[in-house]
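A look at the structure
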Amino acid sequence: MRLSRVLVVAWKELIQLRRDRLTIGMMIVLPLMQLLLFGYAIDTDVRHMPTIVYDGDGTTASRDLARRLEVTGYYDIEGRVRGYDEVETAFRSARASVALVIPARFGVDLARGRAAHLQLLVDGSDPQTVASATNTAASAVAALAAERAGAARAAGAPAPTIDLATSILYNPDLRTAVYIVPGLVGVILTLTMVMFTSMAIVRERERGTLEQLIVSPVRSVELVVGKISPYVGIGYVQMTLILLVGAPLFEVPVSGSLPLLYLLASLFIAGNLALGLFFSTVARTQQQAMQMSFFFLLPNILLSGFMFPFAAMPRFAQVLSTALPLTHFLRVIRGVVLKGAGLAELAPEVLALAVILAVLVLLTSLRFRKKLG
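Let us look at the structure shown here. Please read all numbers here as calculations on a predicted model, not as lab measurements. Throughout, a residue's number is its position along its own chain's written sequence, starting from 1. Two thresholds apply to this predicted model, a pLDDT of at least 70 for residue-level local features and 80 or more for giving and counting side-chain atom pairs, whereas whole-chain, interface and lining totals are computed over all residues. By convention in this description, side-chain values take in all heavy atoms of the structure and omit both hydrogens and water.

Digging into the overall build of the protein
Secondary structure assignment for the protein yields 15 helices and five strands. Sequence separation of at least 24 residues holds for 79% of the intrachain contacts in the protein that already meet a minimum separation of 6. Accessibility throughout is a Shrake-Rupley quantity obtained with a 1.4 Å probe, and a residue counts as covered only by protein chains that appear here. As displayed, the protein has an accessible area near 18300 Å², and 65% of this comes from carbon and sulfur atoms. Starting at the N terminus, helices and strands are each numbered in turn, a helix being any DSSP run of H or I of at least four residues and a strand any DSSP run of E of at least two. Contacts between residues were defined by any pair of non-hydrogen atoms, one from each residue, lying within 4.5 Å.

In structure tokens, the structure reads:
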């Protein structure tokens, strides 16, 4: 082996790489984007948990307790409800993950030095939020009890006590598999669906059959829908396989309607297929298409709420994650499978998936104008 020949081949490879601007951009820009995005967005300290209050007392003492929780920074009071049925609806729709229940006579019991009772309901379908929710609430209640006891002793009155009962809904054993397995359906579908179609147009170009599509009477939007349609069935097969194997193997309870889940999953599957087809119109080679697919997968895993709690992310990351189909599908599948949520409670996520699908189909149709280049 001669060094001069190796250097010549290496120089030739660098020249070819220089001509491939897309690959150079991905080599330089993507690592920087991922570093900045994930470095700021990933945070395991769960704050700003959406919280609702069921205040059956309506006194100054009960309102003061709600304010105490909010000023800790761990709870964002999203509103007040008037019954347990509204609490369950808020949990199923993912509008809240924590509920503070203040019974009647709470203020009276505190004023008279008797035992006052509280209840904290926590959505256990995301085990990562449970510890933050329960520990912070317990600390705030303990501080309030100590403050009231000190004032009572100074006045020579009986010192009240406050009992906080915690109830964990949907996953009382806090098993990680209950949380992860439904999410894996979305992650696996994202990876496979985007990858399948990301190489569709590139494959046609490399095989020399793209010209046949160009001279055909098929319109651009018809081509996009036609390319997507066969893979929707493949997505359903994968989804069925994961549920049939994962649910019994990991003892994941299925509380909601599977027909509803399959119906809503069509929007998610088609959206990922349309995105993969869009990548296919941008990439020049199948290797570039695969690189784009893997780059898209990483933000989905880290920013969608699959691995890290959505509430723990900074606001800009939450806004960015709303553009990811997986973010909305995770709420759909966990809502249906774990909470038994219905279409009415999942309407915002269904609407978001439909809008994302329509935008992706439109962009892909505009990108592919039935011409080479």
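So that's the structure; there's more coming.
Here we look at the sheet that holds strand β1 (residues 49-55)
Spatially, five strands are ordered β2-β1-β3-β4-β5 in an open sheet, and the strand pairing comes out mixed. Each of the sheet's edge strands pairs with one partner strand only, and the pair in question is β2 (75-81) and β5 (161-169). On average, each strand axis in the sheet is tilted by 25° relative to the strand beside it, whichever way the strands run. Here five bridges tie β1 to strand β3 (residues 98-102), and the two strands are oriented parallel to one another. Note that in β3 the partner of Tyr54 across the bridge is Val101. For helices, the fitted line uses only the C-alpha atoms of the stretch in contact; every axis is such a line through C-alpha atoms, and the angle between N-to-C directions lies from 0 to 180 degrees. Helix α6 (residues 127-154) rests against β1, β2, β3, β4 (115-123) and β5 of the sheet, and its axis sits at about 165° to β4. DSSP bridges decide pairing: two strands pair if at least two such bridges lie between them.

Points about the pattern of salt bridges
We define a salt bridge as a contact between a side-chain nitrogen of Lys or Arg and a carboxyl oxygen of Asp or Glu at a distance within 4 Å. In the structure shown here, the tally under the stated rule is eight salt bridges. Where Arg331 meets Glu349, a salt bridge forms, and the shortest distance between an N and an O atom there is 3.4 Å. Residue Arg331 is located in helix α14 (residues 325-339), and its partner Glu349 is located in helix α15 (residues 347-367); the two are separated by 18 residues in the primary sequence. Residue Arg331 is classed as partly exposed on the basis of its relative accessible area, which comes to 25%. Bridged by salt links that share partners, the residues Asp64, Arg68 and Glu147 form one connected network. The classification of residues rests on relative accessible area computed with a 1.4 Å probe and restricted to protein chains. Under 20% of the type maximum is buried, over 50% is exposed, and intermediate values are partly exposed.

Some remarks on the side chain of Asn300
Looking at the secondary structure, you find Asn300 in helix α12 (residues 286-303). The class for Asn300 is buried, based on a relative accessible area of 0%. Side-chain polar atoms of Asn300 contact the backbone oxygen of Phe296, separated by 2.7 Å. Beyond its immediate sequence surroundings of up to four residues, Asn300 is in contact with Thr190, Leu324 and Leu326. Identification of polar contacts relies on pairs of N or O atoms within 3.5 Å, with a donor-acceptor requirement for protein atoms, meaning one able to donate a hydrogen and the other able to accept it, and with residues adjacent in sequence counted only if both atoms are side-chain atoms.

Looking at the pairing of β5
Strand residues, when the strand is regular, have side chains that alternate between the two faces of the sheet. In this sheet, β5 lies alongside β4 in parallel orientation, the contact comprising nine bridges. Considered in β5, the bridge of Leu121 is made with Ser167. Handedness of the β4-α6-β5 crossover: right-handed. Convention used here: a crossover is right-handed provided that the path from the first strand, over the helix, to the second strand proceeds clockwise when the strands point away from the viewer.

Considering the packing of helix α7 (residues 176-198) against helix α11 (residues 258-282)
Helix-helix packing is characterised by the crossing angle of the two axes and by the distance between the axes. Interaxial distance between α7 and α11 falls to 7 Å at its minimum, and their mutual angle equals 40°. Remark: the crossing between α7 and α11 carries right-handed chirality. Taken together, the residues of α11 that come into contact with α7 (itself represented by Gly186, Leu189, Thr190, Met193, Val194, Thr197 and Ser198) are Phe268, Ile269, Asn272, Leu273, Gly276, Leu277, Phe279 and Ser280. When the residues that make up the contact of α7 with α11 are grouped by side-chain class, the tally is eight nonpolar, seven polar and no charged. Crossings are sorted by hand: turned counterclockwise from the far helix by less than a right angle, the near helix makes the crossing left-handed, and turned clockwise it makes it right-handed. Gly is placed with the polar residues, together with every amino acid not listed as nonpolar (Ala, Val, Leu, Ile, Met, Phe, Trp, Tyr, Cys and Pro) or charged (Asp, Glu, Lys and Arg).

Things to note about the side chain of Asn272
By the element assignment, Asn272 lies in helix α11. Classification of Asn272 as buried rests on a relative accessible area of 0%. Contact partners of Asn272, with chain neighbours within four places excluded, come to Thr190, Met193, Val194, Thr197, Phe296 and Pro325.

Points about helix α4 (residues 84-92)
Three or more residues of α4 are buried, namely Val87, Ala90 and Phe91. What you see down the axis of α4 is that its buried residues fit within an arc of 100°, all on one side. Of the surrounding secondary structure, the elements contacted by the buried residues of α4 are β1, β2, β3, β4, β5 and α14. Note: the arc covers the axis-to-C-beta directions of the helix.

Describing unusual backbone geometry
Even without glycine at this site, His48 takes up a positive phi of about 55°. Unusually for a residue other than glycine, Leu174 sits at a positive phi of about 55°. Secondary-structure assignment places Leu174 in the loop between β5 and α7. Here Leu174 falls in the partly exposed class, since its relative accessible area comes to 33%.

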